[in-house]
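Chain residues, written in single-letter form:
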Amino acid sequence: MDKVFRRLLILIVACAMLFPVLSASGQNYGIAYCLLDMNVQEFSVKESGICVMNGNGGGVRQLTYWEAAWVVSPAWSPDGSRIAFKSNRRDMSDIYIMDADGGNQTNITGNLGQNDSDPAWSPDGESIVFTASLPNENYEIFRIHIKSRQIEQLTNNPAVDMMPSCSPDGKKIAFASDRDGRGEQYDIYVMDADGGNVVRLTDTPLTEFYPAWSPAPWGVDYAGKMQITWGKVKSD
């Protein structure tokens, strides 16, 4: 992978952390998004924060106030009562959760990895799957149970496994990985919720990442099959 494409991939992944996300709970503040003041050339953040607003753009409210740290990747809990997010407030990036009004901000992953990222809630709201970089600089996918803080490692592979997304029924997890020997070219995979039965879904000349499940089958007659969408990046 050439340097230009590597930088493009890093920039796209970083920008994806800033995408607005919609709460399906129907509460007053339905969209969470990031505010960011950054030095693009140095790829460093000056200040950042998370806000929420109504679906019509009104009712804007800032939940985390300006910090000299990455405060990004907001993810609503299924019932809309909490928001998970990533922050490097203490130098290392951890996963935090907070109430929908910004209260009770809590670091839930602690000292697991140098870079914990990509939080995604399980459909029952009892756990969060996420990516963590281990001391050997390998990225794996983990699950943390909110109440007990028990952490399970779901993948164990020398390649990079990242960007997990839980299926609407909670039985599967889609993710991106370069585990099939194509250098830093990523494909979409799916596995059982416990990390078993990994299956590769895409095999193209492109880099594919950030899978997202449809909450319901597409079209009229899909026999109950759930769908996955994902992003692509060309390397030439």
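Everything below is about the structure shown above.
Okay, so let's go over this structure. Keep in mind it's a predicted model, so treat the numbers as computed, not measured.

**Some remarks on the sheet that holds strand E12 (residues 151–153)**
- Taken together, the 4 strands give an open sheet; going across it, the order is E9-E10-E11-E12, and neighbouring strands pair in antiparallel fashion. In this open sheet, the two edge strands, each paired with only one partner strand, are strand E9 (116–121) and E12. Between one strand axis and the next, the sheet turns by 25° as a mean value, whatever way the strands run.
- As defined by bridge partners, strand E10 (residues 127–133) adjoins strand E11 (residues 139–145) across 7 bridges and the pair is classed as antiparallel. Bridge pairing in E11 links Ser127 to His145.

**A short note on the nonpolar core**
- In this structure, Ile50, Val52, Trp76, Ile83, Phe85 and Met98 are the most contacted members of the largest nonpolar core, which totals 14 residues.
- At the level of secondary structure, the elements contributing two or more residues to this core comprise strand E2 (31–39), strand E3 (44–53), strand E5 (71–76), strand E6 (82–90) and strand E7 (92–99).
- With 3 residues, the single largest contributor to this core is E5.
- With 13 residues, the next largest nonpolar core counts Ala75, Ala84, Ile95 and Ala132 among its residues.

**Brief notes about the pattern of salt bridges**
- Considering all chains together, one arrives at 6 salt bridges under this definition.
- Taking the shortest distance from any N to any O, the salt bridge between Asp94 and Arg90 comes out at 2.5 Å.
- In this structure Arg90 comes out as partly exposed when scored by relative accessible area, which is 31%.
- Two residues, Arg200 and Asp203, come together in a salt bridge whose shortest N-O distance is 2.9 Å.
- One connected set of salt bridges, linked through shared partners, spans Asp180, Asp187, Arg200 and Asp203.

**Overview of the pairing of strand E14 (residues 172–177)**
- Where burial is concerned, most of E14 is hidden: 5 out of the 6 residues are buried.
- Here 4 bridges tie strand E13 (residues 161–166) to E14, and the two strands are oriented antiparallel to one another. From the neighbouring strand, Asp161 faces E14, where its bridge partner is Ser177.
- Hairpin connection, E13 to E14: the antiparallel pair is bridged by 5 residues, and Gly170 has positive phi, about 75°.
- As defined by bridge partners, E14 adjoins strand E15 (residues 187–192) across 6 bridges and the pair is classed as antiparallel.

**Notes on the packing of aromatic side chains**
- Evaluation of the coordinates by the stated rule reveals 4 aromatic pairs.
- When the centroid spacing of 5.4 Å and the interplanar angle of 15° are considered together, the rings of Phe85 and Tyr96 count as stacked. With Phe85 in strand E6 and Tyr96 in strand E7, this residue pair connects regions lying 11 residues apart in the sequence. The same class applies to Phe85 as to Tyr96, namely buried.
- With a centroid separation of 6.0 Å and an interplanar angle of 25°, the aromatic rings of Phe130 and Phe142 are classed as stacked. You can see Phe130 sitting in strand E10 and its partner Phe142 sitting in strand E11, a full 12 residues away along the chain. Summarising the burial analysis for this pair, Phe130 and Phe142 share the class buried.
- If you follow Arg89 out to its NZ or CZ, it ends over the ring of Tyr96, 5.0 Å from the centre.
- Lying over the aromatic face of Tyr189, Arg179 brings its terminal NZ or CZ to 5.8 Å of the ring centre.

**Regarding the environment of Asp203**
- Structurally, Asp203 can be placed in the loop between strand E16 (199–200) and strand E17 (207–213).
- Taking relative accessible area as the criterion, Asp203 reaches 59% and is therefore assigned exposed.
- Between the alpha carbons of Asp203 and Gln185 there is a distance of 9.9 Å; along the sequence they are 18 residues apart.
- Within polar-contact distance, the side chain of Asp203 engages the side chain of Arg200 at 2.9 Å.

Conventions adopted
- Residues numbered from 1 in each chain as written.
- Predicted model: local features only at pLDDT ≥ 70, side-chain atom pairs only at ≥ 80, totals over all residues.
- Heavy atoms only, no water.
- Pairing = 2+ DSSP bridges.
- Helix = DSSP H or I, 4+ residues; strand = E, 2+ residues; numbered from the N terminus.
- Axes fitted to C-alpha atoms, helices over the stretch in contact; angles between N-to-C directions.
- Core = buried A, V, L, I, M, F, W, Y, C linked by side-chain atoms within 4.5 Å.
- Buried < 20%, exposed > 50% of the residue type's maximum accessible area, 1.4 Å probe, protein only.
- Salt bridge = Lys/Arg side-chain N within 4 Å of Asp/Glu carboxyl O.
- Phe/Tyr/Trp six-rings, centres within 6.5 Å; stacked < 30°, edge-to-face > 60°.
- Lys NZ or Arg CZ within 6 Å of the ring centre and 35° of its normal.
- Polar contact = N/O pair within 3.5 Å; in protein donor to acceptor, adjacent residues only side chain to side chain.

Purely geometric numbers; function is a separate question.
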